[in-house]
Amino acid sequence: MRCPSYTGYTLTSLVELQHGLSAQLQLAGPTCNAFGSDVANLMLEVTYQSQSTIRVNIFDTAKEQFAVPSSIIPPPPLPTKSLINDSDLVFNYDPSPFAFWITRRSDPDSMPIFDTRISSLPPTPIPPFNASDPSTAFDGFPLVFEDQYLQITSALPLGTNIYGLGEVVASSGFRRDIGTGGGSGTIQTHWNRDDADPIDQNIYGSHPVYLEHRYNVSTGNAVASGVLLLSAAGSDILLQTPPTSPVSLIQYRMLGGTFDFYFFSGPNDVDVIAQHGAVSGYPFMPPAWGLGFHLCRWGYHNVSDDIANVEAMRQAGIPLEVQWNDIDLYHAFRDFTTDPISFPANEIKSFIENLTVNHQHYIPIVDAGIAVTVNDTDAYDPFTRGSELDVFMKNPDGSLYIGQVWPGYSAFPDWFVDNAEEWWTEALMNWSTNGGVGFSGIWLDMNEASSFCGYSCGTGANFSALAPYSLADVVVVGYPECYNETASGPSGNMTVNGTSTYSCSNVSGSGASVAMRAGANRRATMRGVGTGIGAGGETGINVTYPPYAIHNGFGALSAHTVATNATHAGGYLELDVHNLFGTMEARATYLALQKVRPGKRPFIIGRSTFVSQGRWAGHWLGDNYSKWEYMYLSIQGVLQFQIYQIPMVGADTCGFNGNTDEELCNRWMQLSAFMPFYRNHNTYGALPQEPYRWDSVANASKIAIQARYSLLAYWYTLFANASTTGLPPIRALFYEFPDEPELFTVDRQWLVGKDILVTPVLEPGQTTVQGIFPGRGNVIWRDWWTHAPVSVSPTDSSNQSTTITLQAPISHINVHIRGGSIFLLYDQPGYTTYETMNGPYSLLASLDGDGGAWGDAFVDAGDGEFDVMGSTGSRSNSTLARRLAFEASEGSLSVKTRWGAYNIEQKLETIIILGVGKEPESVIVQGEQVNGWVYDGGTEELVLAGAAVDLNGDVEVSWA
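Residues numbered from 1 in each chain as written. Predicted model: local features only at pLDDT ≥ 70, side-chain atom pairs only at ≥ 80, totals over all residues. Heavy atoms only, no water.

1. Details of the sheet that holds strand β9 (residues 150-157)
Note the threshold: For two strands to pair, DSSP has to find at least two bridges joining them. Only DSSP runs of H or I covering at least 4 residues are called helices, and only runs of E covering at least 2 are called strands; the numbering of each starts at the N terminus.
Here 5 strands make up an open sheet; going across it, the order is β8-β9-β15-β14-β11 and the pairing antiparallel. Each edge of the open sheet carries a strand with a single partner, namely β8 (144-145) and β11 (186-190). Sheet analysis places β8 next to β9, joined by 2 bridges and oriented antiparallel. Paired with Val144 across the bridge in β9 is Gln151.

2. Side note on the pattern of salt bridges
When the charged atoms of two side chains lie near each other, side chains of opposite charge can form a pair. To keep it simple, the criterion reads: We define a salt bridge as a contact between a side-chain nitrogen of Lys or Arg and a carboxyl oxygen of Asp or Glu at a distance within 4 Å. We call a residue buried when its accessible area falls under 20% of the maximum for its residue type, exposed when it is over 50%, and partly exposed in between, using a 1.4 Å probe and counting protein chains only.
Inspection of every chain in the model, using the stated rule, returns 26 salt bridges. Put simply, Asp195 and Arg193 hold a salt bridge, and the shortest N to O gap is 3.2 Å. Its relative accessible area of 2% is what places Arg193 among the buried residues. Arg601 is the salt-bridge partner of Asp860, the closest N and O atoms lying 2.7 Å from each other. Of this pair, Asp860 sits in strand β41 (residues 853-860) while Arg601 sits in the loop between α8 (581-596) and β26 (604-606), placing them 259 residues apart in sequence. Here the two residues Asp860 and Arg601 agree in accessibility, since each one is buried.

3. What about the layout of surface pockets?
Stated precisely, the cut-off is as follows: Using a grid of 1 Å spacing that covers the protein atoms alone, one calls a set of points a cavity when a 1.4 Å probe fits there but cannot get out, and a pocket when the set is open and has protein on both sides within 12 Å along at least five of seven lines; lining residues are those with an atom within 4 Å of a point. Grid points are joined across faces, edges and corners, and a volume is the space filled by probe spheres set on the points. For this classification, Asp, Glu, Lys and Arg are treated as charged, while Ala, Val, Leu, Ile, Met, Phe, Trp, Tyr, Cys and Pro are nonpolar and the rest, including Gly, are polar.
Considered as a void within the structure, the largest pocket measures approximately 740 Å³ in volume. Lining the largest pocket we find 33 residues, and of these Trp289, His361, Lys600, Tyr834 and Asp863 sit closest to its centre. Mapped onto the lining of the largest pocket, the elements with two or more residues apiece are α12 (712-725), α14 (833-837) and β41. Taken together, the residues of the lining of the largest pocket sort by class into 15 nonpolar, 12 polar and 6 charged.

4. With respect to the packing of helix α5 (residues 420-433) against α8
Selection rule: Axis definition: a line fit to C-alpha positions, over the contact stretch in the case of helices; interaxial angles, taken between N-to-C directions, run 0 to 180 degrees. Orientation labels follow simple angle bins: below 35 degrees gives roughly parallel, above 145 gives roughly antiparallel, 65 to 115 gives roughly perpendicular, and whatever is left gives oblique. Here a crossing is taken to be left-handed if its near helix is turned anticlockwise relative to the far helix by less than a right angle, and right-handed if that turn runs clockwise. Whether two residues are in contact is decided by their heavy atoms, any of which lying within 4.5 Å being enough.
Interaxial distance between α5 and α8 falls to 9 Å at its minimum, and their mutual angle equals 50 degrees. Comparing their axes, α8 and α5 come out oblique. The handedness of the crossing between α5 and α8 is right-handed. Two secondary-structure elements touch here, α5 through Glu421, Trp424, Thr425, Leu428, Met429 and Ser432 and α8 through Glu585, Arg587, Ala588, Thr589, Leu591, Ala592, Lys595 and Val596. Tallied by class, residues from the contact of α5 with α8 come to 7 nonpolar, 3 polar and 4 charged.

5. Some words on the packing of aromatic side chains
In plain terms, the rule: Each Phe, Tyr or Trp ring (for Trp, its six-membered ring) is paired with any other whose centre lies within 6.5 Å, and the angle between the two planes then decides the class: stacked below 30 degrees, edge-to-face above 60, tilted in between. Geometrically, a charge over a ring is one whose NZ (Lys) or CZ (Arg) sits within 6 Å of the ring centre while staying within 35 degrees of the ring normal.
Inspection of every chain in the model, using the stated rule, returns 60 aromatic pairs. Where Phe114 meets Tyr252, the ring centres are 6.5 Å apart and the plane angle is 50 degrees; that geometry is what we call tilted. Taken as a pair, Phe114 in strand β7 (residues 114-115) and Tyr252 in strand β15 (residues 247-254) lie far apart in primary sequence, 138 residues in all. Both residues of the pair, Phe114 and Tyr252, belong to the buried class. Where Phe145 meets Phe259, the ring centres are 6.0 Å apart and the plane angle is 80 degrees; that geometry is what we call edge-to-face. With Phe145 in strand β8 and Phe259 in strand β16 (residues 259-264), the pair connects residues that are 114 residues apart, well separated along the chain. Across the pair, Phe259 and Phe145 agree in class, each one buried. Put simply, the rings of Phe91, Tyr93, Phe98, Phe100, Phe114, Phe145, Tyr252, Phe259, Phe261 and Phe263 pair up and form one aromatic cluster. The ring of Trp443 has Arg679 lying over it, and the distance from NZ or CZ to the ring centre is 4.5 Å.

6. Overview of the pairing of strand β40 (residues 841-846)
Of all 6 residues that make up β40, 6 are buried, and the element is covered over most of its length. On β40, burial covers both faces: Tyr841, Leu843 and Ala845 on one face and Ser842, Leu844 and Ser846 on the other are all buried. Of the pairings in the sheet, the one linking strand β39 (residues 821-826) to β40 comprises 6 bridges and is antiparallel in character. Bridge pairing links Phe823 to Leu844 in β40. Two elements, β40 and strand β44 (residues 908-914), share 6 bridges in a ladder whose sense is parallel.

7. Here we look at the nonpolar core
General note: in soluble globular proteins, nonpolar side chains tend to be found buried as a group. This is how the line gets drawn: Among the buried residues, those of types Ala, Val, Leu, Ile, Met, Phe, Trp, Tyr and Cys that are joined through side-chain atoms within 4.5 Å form a nonpolar core.
Ranked by internal contacts, the top residues of the largest apolar core, which has 235 residues, are Trp424, Trp431, Phe674, Val752, Leu824 and Leu893. If one sorts the elements of this core by residue count, helix α9 (residues 628-643) sits on top with 10 residues. Beyond its immediate sequence surroundings of up to four residues, Leu893 is in contact with Ile822, Leu843, Ala845, Glu887, Ala888, Ile913, Val955, Glu956, Val957 and Trp959. In terms of nonpolar packing, the next biggest core, distinct from the first, is built from 58 residues, Leu89, Phe91, Phe100 and Ile162 among them.

8. Quick word on the packing of α9 against helix α10 (residues 662-672)
Contact pair α9 / α10: the axes reach a minimum separation of 10 Å and the direction vectors enclose 10 degrees. It follows from the interaxial angle that α9 and α10 lie roughly parallel. From α9, Trp628, Tyr630, Met631, Ser634 and Ile635 reach across to α10, where they touch Glu663, Leu664, Arg667, Trp668 and Leu671.

9. Focus: the sheet that holds strand β34 (residues 756-759)
The 5 strands lie next to each other as β32-β33-β34-β38-β36, forming an open sheet whose pairing is antiparallel. The open sheet terminates on both sides in strands that have one partner only, identified here as β32 (730-731) and β36 (781-783). In terms of strand pairing, strand β33 (residues 750-752) meets β34 through 3 bridges, oriented antiparallel. For Leu751, the partnering residue across the bridge sits in β34 and is Leu757.

The quantities given are spatial measurements derived from coordinates; they are silent on function.
See below:
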């Protein structure tokens with residue numbers, strides 16, 4: 001953007017309001033018109049939204065630019081009193097040229113958390129940091145607000161720690177590359193697209209929010225903050241540190257829209273994530289069964305395959321909670337159908353009924369494209385009824401927009417149509433009630449929305465001439481790193497005729513080198529009222545090829561998706577609302593399931609995401625690869641989505657594209673057991689990878705799932721906390737240990753909650769793994785499996801947390817629990833979550849060095865109405881839920897009801913206390929001395945079995 005005389009805007013007409021201020025911004029001098037037409041008159045609104053949040057909204061006075069409608073993401077309510085003088089954050093500004101910066105009230109002289117002043121940024125022009133891409137230059141840093149291009153830049157501390165700004169599979173890891181330490185910087189594009197998990201490119205979701213973890217070397221302390229730009233515009237966000245610059249920077253380049261910023265004060269990382277949730281909406285509370293193990297593949301050819309698969313899992317003793325079907329289920333790949341030959345309605349109905357009898361569940365796929373009927377005799381109610389209700393996207397001339405997906409020519413729902421939700425609910429209801437598909441949840445796929453042509457290719461076409469996609473002659477090639485199928489054959493086994501199939505001479509880094517991204521890839525190779533309707537109501541707009549070209553991985557914005565000139569109800573154009581499709585579909589599906597399955601909590605997993613989607617659905621990390629590298633990369637994906645308030649997230653375990661092998665699947669099944677969404681899924685034609693296919697994988701899976709189900713009450717409580725306060729169930733290590741810089745780049749380990757440390761094997765052929773233990777020797781970590789404490793001390797004079805070599809034979813994953821924690825566990829994990837939850841409890845206390853520990857648990861029926869805060873009455877008398885609190889100190893342990901009166905029928909059967917320094921002479925439960933307890937001095941473990949304690953009243957245990 002070369003406009004030497006352009007200076008931006010001048011602030012005038014400032015008005016102080018109860019909750020902030022408003023002002024006008026007027027173009028200060030000559031126009032630039034770099035990538036559109038400068039907007040001369042803007043409005044600035046600043047709102048002190050809460051104690052921890054400031055909103056800065058800059059929009060065009062005419063309100064012609066598109067802004068996310070409040071009907072999609074309602075703004076948070078205003079506070080009951082003014083916070084201008086005591087908010088954690090302060091809005092500061094220069095009137096001419098207009099710039100603003102956000103500071104902490106408690107530390108006004110420290111570097112602002114966001115600062116757009118030219119004087120705070122490096123001098124320009126700055127040459128391209130990618131010599132082959134002129135757009136990576138920085139010609140200047142004024143505020144730019146044009147009809148098709150917005151730009152704003154903020155200084156950041158040199159080399160600070162930035163996380164988020166996805167969805168992305170980042171080569172730099174969970175911590176984003178900011179252009180220091182040998183990095184080249186980041187261009188994060190936000191334009192939702194269907195591509196199979198490419199590295200460093202835009203993919204399925206857009207989340208323009210980041211977490212900054214700012215560490216002060218002088219004080220040795222860190223503080224966290226966050227920034228959300230609530231905009232659906234296609235965009236590039238650049239993180240960079242120009243040569244010799246004393247600061248790093250973030251620059252937003254947007255294809256329209258407005259600047260609607262929210263700034264979060266933290267000061268802790270989990271606080272920032274929670275504050276984001278207070279704006280975007282807290283995530284849905286899943287039913288307990290959603291935390292079980294899910295199984296799917298593209299390639300269950302008929303209902304007999306489903307039946308055989310479910311039976312094989314039970315015969316192998318591997319718990320299976322939910323059986324899924326991919327598009328094999330459909331007749332001619334049409335949504336809301338079942339194939340009359342391979343999945344007859346009566347047979348699929350019977351199959352699902354049998355699952356239900358066994359307390360198992362069923363989830364089918366729903367794609368975004370709705371098949372267009374090919375002639376007058378073609379009966380397909382979802383399209384016919386949708387046409388009657390006029391719920392599909394249109395071409396600019398008002399005709400039906402027709403793309404191409406699996407069934408052939410297809411129409412796409414327009415979620416801005418008032419009765420689109422009615423139509424969607426009707427289709428799901430008919431499928432469930434009349435079609436025999438009694439689902440427990442829904443899987444939303446292809447909803448970027450994906451289309452195999454980038455224009456209305458069905459307009460004027462002969463619909464009968466385009467047959468549904470053919471799967472004939474599909475061949476899947478490729479195996480994980482260090483498996484040579486030429487030498488060892490196609491089995492994927494770890495040994496063949498007693499000989500190891502491991503083929504690498506040495507392995508280092510995050511896994512063996514991966515150059516291959518090929519393989520069968522079904523999805524990638526197919527190539528309220530807002531403030532304005534955006535491009536749909538403006539003139540002189542280049543809708544198809546905006547003047548500024550964001551770094552979309554497919555190039556043209558319409559490639560492999562709905563064309564940007566497709567029109568929506570209300571006059572909106574796809575160019576402005578493209579990134580909203582997946583979230584709006586998830587919302588419609590959630591509301592539909594509340595009607596289709598009254599009294600049950602919706603459970604939805606979707607692919608395309610945007611801000612606030614966690615209110616309605618979870619997410620799987622898309623079409624990954626059966627590679628060790630992608631198992632490692634899945635960790636950063638799950639960590640990212642905690643920031644985005646979509647905590648129900650996980651990868652396709654064992655990999656989707658390509659063939660897996662025994663060793664990779666063994667390790668991955670164990671890794672994913674400690675992630676929120678746990679599903680094994682792979683592609684059509686690939687090697688079968690159900691966990692019973694290899695004995696070692698079956699064994700590893702049973703061990704891991706037993707641990708997961710034992711921890712089900714802990715998982716459930718984490719999600720109750722997420723759904724009411726926005727706290728993330730999965731945490732990076734530095735969230736809990738913020739002042740340890742050695743943890744800032746750790747993304748090969750993670751914490752479940754704050755108290756469970758997971759250290760998986762991420763490389764082939766290994767029997768040990770390196771793990772770092774946070775706390776610098778001041779925290780006790782104990783082995784989950786053996787309860788033995790780990791010897792942890794500072795490694796050297798640098799006083800950094802210890803890295804230890806841990807034994808990790810096949811089928812073993814290292815899991816450690818933190819001293820000072822108490823867990824409510826299920827004492828006898830069953831085959832399903834239902835059986836597990838109807839069994840007795842146990843309590844596991846891991847004492848810290850002072851003999852103390854704390855914990856809590858949220859308990860309810862596991863489905864139905866979610867009354868986490870006693871909303872049906874006072875906290876003390878709600879019969880829908882109970883919140884328990886646990887505390888141990890000075891040789892005693894107590895269980896108390898914090899609130900609620902839900903009747904817990906299951907008894908507390910076993911109590912385990914770790915860290916009891918010497919064998920006690922007596923153990924007292926509820927005031928009476930008991931016998932039958934066991935003490936192990938080697939692990940300092942006190943075990944009381946057969947306690948049979950009622951958890952509906954206070955519990956007191958002591959030892960001396």
